[in-house]
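Observations on chain architecture
Here's the letter readout for the chains.
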Amino acid sequence: MSFKLQIKFFGLCAFVPNTKLDKSMRVFLIDARAPGVASSGVHHVSHVPAIKFSLADLVLSENQPFFLIQSNSENSSSRGQWTFNGDDLEIRVNGKVLPQDSLKVLDTKDKKNFYLVPSTKNIYPEIGGLAVKEECFLEEETLNTVGIAARLQLTTGSIGTNPTEYISTDEYYFAPSPSTNKHKQKIASCTMYEVEIDSNEVEIFSKRTKQSLVFSPQNGEKLELSISNIPPEGLEAVKMDDPENTIDFELAYLIAKQYPSIPRIPARSAIGPEYPKPLLCASIIYNPDPNA
């Protein structure tokens, strides 16, 4: 049996491609659980780093971590949520990690263009973009100490965005920017990873706790998971002092090798309807790194 694994990433996620094209990519969830105050003096909103899943797809096992169960009248299927705490994650099949060197990054030629996620090369073109801290890749490093709530390496399959949802209707520029930087773009608030699993089960394993969740799609064809780093339920659309500026985007720079002296954030170039909700915490693409 085989099935398609689909993982959607939401919120404060930093993507670092490998310098070798299509080899692999690291995904870092920024630790924004007690984020503090923005440069403008506005308080950031706390974020919850977690994986969410349908309980119908969960295979019960003895080595499961503690997770929450969410149920409401609008959804007939109950969902689970495993909250991360500095977890170094792996996608495993039959006890082994997925193979290397075959991750396809969908680009401008594809409708699922990965580069709808803001890139530091476009945000800071005058310095060639931003790199992440070297400590982010160390195996022995406690991830919490370098501002990471969870880490995952993607090594095969494809990564892009969803062309039918979670893409802004308006273009954003990055403020405050020098007059020479005219870059504007639509922004995807969801990144989508897909891979074929040649088995009837897949495991999300934490190297920190040696625990895992095992899944098998109820429909036998596709398993949908979401890894998110967003405010708690009910706080997603907290109105900020300036609703045209996505202040929480500053938190994406917490793992930068050199924190920018002026943290630039997405800002709408024209007032328009918010879609699908305020972009409180879009993801970011850092410069490629050979350790990614």
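As shown above, the structure is provided for reference.
The numbering scheme is per chain: residues are counted from 1 as the chain's sequence reads. A pLDDT threshold of at least 70 governs which residues receive local features in this predicted model, and a stricter bar of 80 or more applies before side-chain atom pairs are shown or counted, although totals over entire chains, interfaces and linings include all residues. Side-chain numbers here rest on the full set of heavy atoms in the structure, without hydrogens or water.

1. Considerations on the pairing of strand β12 (residues 156-161)
When you tally the buried positions in β12, you get six out of six residues, the bulk of the element. Being paired, for any two strands, means DSSP has found at least two bridges between them. For helices the rule is a DSSP run of H or I covering at least 4 residues; for strands it is a run of E covering at least 2, with both sets numbered from the N terminus onward. Taken together, the four bridges between strand β10 (residues 102-105) and β12 define a ladder with parallel strand orientation. Looking at β12, one finds that Leu-103 is bridged to Gly-157. As defined by bridge partners, β12 adjoins strand β14 (residues 190-197) across four bridges and the pair is classed as antiparallel. Across the sheet, the residue bridging to Ile-159 is Tyr-193, located in β14. The rule is simple: take the accessible area with a 1.4 Å probe, protein chains only, and divide by the maximum for that residue type; under 20% is buried, over 50% is exposed, in between is partly exposed.

2. Concerning the nonpolar core
Within the largest apolar cluster, 38 residues are counted, with the highest numbers of intra-cluster contacts made by Leu-5, Phe-9 and Ile-91. The biggest single contributor to this core is strand β1 (residues 3-11), with four residues. Throughout, a contact is declared for two residues whenever any of their heavy atoms are within 4.5 Å. When sequence neighbours within four positions are dropped, the list of residues in contact with Phe-9 reads Phe-15, Val-27, Leu-152, Leu-154, Ser-189, Cys-190, Thr-191, Tyr-193 and Ile-227. By nonpolar core we mean a set of buried residues, namely Ala, Val, Leu, Ile, Met, Phe, Trp, Tyr and Cys, connected to one another through side-chain atoms within 4.5 Å. Listed in part, the 31 residues of the second largest apolar core include Val-16, Cys-281, Ala-282 and Ala-292.

3. Quick look at the packing of aromatic side chains
Note on aromatic contacts: the rings of Phe and Tyr and the six-membered ring of Trp form a pair at centre separations within 6.5 Å, being stacked when their planes are under 30 degrees apart, edge-to-face when over 60 apart, and tilted otherwise. The tally for this structure, following the rule as stated, stands at 11 aromatic pairs. Measuring from centroid to centroid gives 5.9 Å for Phe-249 and Tyr-253, while their planes differ by 90°, and the two rings are edge-to-face. Accessibility assignment for this pair places Phe-249 and Tyr-253 in one class, buried. Put simply, the rings of Phe-9, Phe-15, Phe-114 and Tyr-115 pair up and form one aromatic cluster. Sitting over the ring of Phe-205, Arg-92 keeps its end group 3.7 Å from the ring centre. Charge-over-ring placement is defined geometrically: NZ (Lys) or CZ (Arg) within 6 Å of the ring centre, and within 35 degrees of the ring normal.

4. Focus on the pattern of salt bridges
In the sections that follow, a salt bridge refers to a side-chain nitrogen of Lys or Arg positioned within 4 Å of a carboxyl oxygen of Asp or Glu. Applying the stated criterion to the full structure yields 11 salt bridges. Put simply, Asp-87 and Arg-208 hold a salt bridge, and the shortest N to O gap is 3.3 Å. With Asp-87 in strand β8 (residues 87-93) and Arg-208 in the loop between β15 (202-206) and β16 (211-215), this residue pair connects regions lying 121 residues apart in the sequence. What makes Arg-208 partly exposed here is its relative accessible area of 46%. Among the ionic contacts, a cluster of salt bridges with common partners joins Asp-88, Glu-90, Arg-92, Glu-139, Arg-151 and Lys-207.

5. Focus on unusual backbone geometry
The omega angle of the peptide bond from Ala-175 to Pro-176 is -10°, so this bond is cis rather than trans. With respect to the helices, strands and loops of the structure, Pro-176 is situated in the loop between β13 (172-175) and β14. Notably, Asp-22 is not glycine yet its phi reads approximately 65°, a positive angle. Within the secondary structure layout, Asp-22 lies in the loop between β2 (13-17) and β3 (25-30). The phi angle at Lys-210 is positive, at roughly 60°, despite the residue not being glycine. Relative to the helices and strands, Lys-210 is located in the loop between β15 and β16. Assessed through its relative accessible area of 52%, Lys-210 is described here as exposed.

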